[in-house]
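Read off the chains here:
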Amino acid sequence: MTATFDDDYFMKKALQEAEAAYERGEVPVGAVIVIDNRIIAKAHNLTETLTDVTAHAEMQAITSAANFLGGKYLKGCTLYVTLEPCQMCAGALYWSQISRVVFAAPDPHRGFRTMGTSIHPKTELKEGVMEAEASALLKRFFKQKRD
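Procedures and definitions
Residues numbered from 1 in each chain as written. Predicted model: local features only at pLDDT ≥ 70, side-chain atom pairs only at ≥ 80, totals over all residues. Heavy atoms only, no water. Buried < 20%, exposed > 50% of the residue type's maximum accessible area, 1.4 Å probe, protein only. Helix = DSSP H or I, 4+ residues; strand = E, 2+ residues; numbered from the N terminus. Pairing = 2+ DSSP bridges. Right-handed = clockwise from strand over helix to strand, strands pointing away. Axes fitted to C-alpha atoms, helices over the stretch in contact; angles between N-to-C directions. Arc of directions from axis to C-beta. Contact = heavy atoms within 4.5 Å. Parallel < 35°, antiparallel > 145°, perpendicular 65-115°, else oblique. Nonpolar A, V, L, I, M, F, W, Y, C, P; charged D, E, K, R; others polar. Phe/Tyr/Trp six-rings, centres within 6.5 Å; stacked < 30°, edge-to-face > 60°. Lys NZ or Arg CZ within 6 Å of the ring centre and 35° of its normal.

Novice: Help me understand the pairing of strand E3 (residues 77–83), please; the structure alone is not making it clear to me.
Specialist: Both faces of the sheet carry side chains from a regular strand, because those side chains alternate between them. Counted residue by residue, E3 has seven buried out of seven residues, so it is predominantly covered. As paired strands, strand E1 (residues 30–35) and E3 are joined by five bridges and run antiparallel to one another. Residue pairing across strands places Val34 opposite Thr78, the latter belonging to E3. Here E3 runs beside strand E4 (residues 100–105); their pairing, made up of five bridges, is parallel. Opposite Val81, over in E4, you have Phe103 as the bridge partner. Between E3 and its parallel partner E4, the chain crosses via helix H3 (residues 87–96), and the hand of that crossover is right-handed.

Novice: Could you clarify how one ought to interpret the sheet that holds E3 in this entry?
Specialist: Backbone-to-backbone hydrogen bonds join strands into a sheet, with any given pair of strands oriented parallel or antiparallel. Reading across the sheet, the five strands line up as E2-E1-E3-E4-E5 and stay open at both edges, with mixed pairing between neighbours. The outermost strands of the open sheet, each flanked by one partner alone, are strand E2 (38–44) and strand E5 (124–127). Across the sheet, the axes of successive neighbouring strands diverge by a mean angle of 15 degrees, strand direction being ignored.

Novice: Before we go on, may I ask you to explain H3 in this structure?
Specialist: Every α-helix carries 3.6 residues per turn, so stepping three or four residues along brings you back to the same face. Those residues of H3 not exposed but buried are Cys89, Ala90, Ala92, Leu93 and Ser96. Buried residues along H3 cover an arc of 160 degrees about the axis, so they all sit on one side. Looking at the buried positions of H3, the neighbouring elements they touch are helix H2 (57–69), E3 and E4. Immediately beyond the C-terminal end of H3, within one or two residues, lies Gln97, with a positive phi of roughly 60 degrees.

Novice: Any chance you could explain the packing of helix H1 (residues 7–23) against helix H4 (residues 131–146) here in plain terms?
Specialist: Each pair of packed helices can be described by the angle between their axes along with the distance between the axes. Two elements in contact, H1 and H4, have axes separated by 11 Å at closest approach and are oriented at 5 degrees. Classified by the angle between their axes, H1 and H4 sit roughly parallel to one another. Residues Leu15, Ala18, Glu19 and Tyr22 of H1 pack against Glu133, Ala134, Leu137, Arg140, Phe141 and Gln144 of H4. Of the residues belonging to the contact of H1 with H4, the class tally is six nonpolar, one polar and three charged.

Novice: Even after reading the chapter, I still don't get the packing of aromatic side chains, so can you show me in this structure?
Specialist: Aromatic rings in a pair are described by how distant their centres are and how their planes are angled relative to each other. All chains considered together, the criterion is met by five aromatic pairs. Ring geometry for Tyr9 versus Phe10: centroids 5.1 Å apart, planes at 80 degrees, classification edge-to-face. For Tyr9, a relative accessible area of 41% corresponds to the partly exposed category. Relative accessible area serves as the criterion here: at 3%, Phe10 is assigned to the buried category. Residues Phe10 and Tyr80 carry aromatic rings whose centres are separated by 5.3 Å and whose planes lie at 35 degrees to one another, so their mutual orientation is tilted. Taken as a pair, Phe10 in helix H1 and Tyr80 in strand E3 lie far apart in primary sequence, 70 residues in all. Classification of Tyr80 as buried rests on a relative accessible area of 0%. Members of the aromatic cluster, connected to one another through ring pairs, are Tyr9, Phe10 and Tyr80. Seen from the ring of Tyr73, Lys75 lies directly overhead, with NZ or CZ sitting 5.7 Å from the centre. Taking NZ or CZ as reference, Arg140 lies 4.7 Å from the ring centre of Tyr22, over its face.

In structure tokens, the structure reads:
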């Protein structure tokens, strides 16, 4: 039996996490990790809150999911994230052997593809799910910072 994914549903959950980051004054990126159509980790950026440059939404979600599963590998899991992962997060995703990554908005400046980084060759990649919503939230955040 093939698993079915409701990408919009899970990306909406990631967007809720991004909104939580926005409310905290963090760059609004949110992530959820799913296995068997069940959310096992939710996270958002906490770099300002924790004064930690590694506290990206993806890193927080990877740690939470690994703790939930009781192991370091995320085989069978899908990460939904509102912005294309950076090279640091792509590296962590590579090592986690996550099965699938779905992101909303591309990051042409700091995204892993721009930086020449790759994720695990067996990891399925999908982009553009709810891109307009994720991009609008990021633009609103950075516009507010400039004003």
